[in-house]
Amino acid sequence: PNIFLPSQLHNHGNYIISLSKLVRYLGEMAEGLGVEIYPGFAADEVLYGGDGSTAVRGVATKDVGIAKDGDPKETFERGVELLGRQTLFAEGARGSCSESI
């Protein structure tokens, strides 16, 4: 069956790795360099500088623990503001915060 495959689809000599292990490794390397990573927190809105500035200050996370009807449950926690000198948006192609910039 390999005779019918185009040469671009042959994996001879290429490395095959686990994407989750690669991301975990890169995350550990970044944290070792002082980068703060917040997995599991969805950014809800972009925070801009004061006085009508267009400079990005950070992001605010979503509130968690809200029932389907919109009322807070006993596990409710207000979202927090994450501020920094530099903010990196790594949302992918369907990122809602990147669209608002």
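Residues numbered from 1 in each chain as written. Predicted model: local features only at pLDDT ≥ 70, side-chain atom pairs only at ≥ 80, totals over all residues. Heavy atoms only, no water.

> Explain the sheet that holds strand β2 (residues 56-61) to me, please; I cannot follow it from the model alone.
What links the strands of a sheet is backbone hydrogen bonding, and the strands pair in either a parallel or an antiparallel sense. The three strands lie next to each other as β1-β2-β5, forming an open sheet whose pairing is antiparallel. This sheet does not close on itself; its edge strands, each paired only once, are β1 (43-48) and β5 (81-83). Mean inter-strand twist for the sheet, computed between neighbouring axes without regard to direction, equals 25°. (Pairing = 2+ DSSP bridges. Helix = DSSP H or I, 4+ residues; strand = E, 2+ residues; numbered from the N terminus. Axes fitted to C-alpha atoms, helices over the stretch in contact; angles between N-to-C directions.)

> How should I be thinking about the environment of Ile17 in this particular structure?
Topologically, Ile17 is positioned in the segment before α1 (19-32). Between the C-alpha atom of Ile17 and that of Val64, which follows or precedes it by 47 residues, the distance is 35 Å.

> Can you walk me through the layout of surface pockets in this structure?
The space that makes up the largest pocket amounts to roughly 960 Å³. Considering the residues around the largest pocket, the lining is formed by 22 residues, among which Glu36, Ile37, Tyr38, Thr87 and Leu88 are closest to the centre. If you list the elements that add at least two residues to the lining of the largest pocket, you get β2 and β5. Considering every element that reaches the lining of the largest pocket, the biggest residue donor is β2, with three residues. Its residues assigned to classes, the lining of the largest pocket comprises 13 nonpolar, six polar and three charged. (1 Å grid on protein atoms, 1.4 Å probe; cavity = no way out; pocket = protein on both sides within 12 Å on 5 of 7 lines; lining within 4 Å. Points joined across faces, edges and corners; volume = space filled by probe spheres on them. Nonpolar A, V, L, I, M, F, W, Y, C, P; charged D, E, K, R; others polar.)

> Any chance you could explain the pattern of salt bridges here in plain terms?
Per the counting criterion, the structure on display carries two salt bridges. For Asp44, the salt bridge is made with Lys62, and the minimal N-O distance between the two is 3.5 Å. Taken together, the residues Asp44 in strand β1 and Lys62 in the loop between β2 and β3 (64-66) connect sequence positions 18 residues apart. Overall, Asp44 belongs to the partly exposed group, its relative accessible area being 41%. Salt-bridge contacts for Asp63 lead to Arg78; the nearest nitrogen and oxygen are separated by 2.9 Å. Here Asp63, found in the loop between β2 and β3, pairs with Arg78, found in the loop between β4 (72-77) and β5; they are 15 residues apart in sequence, far enough to count as distant. (Salt bridge = Lys/Arg side-chain N within 4 Å of Asp/Glu carboxyl O. Buried < 20%, exposed > 50% of the residue type's maximum accessible area, 1.4 Å probe, protein only.)

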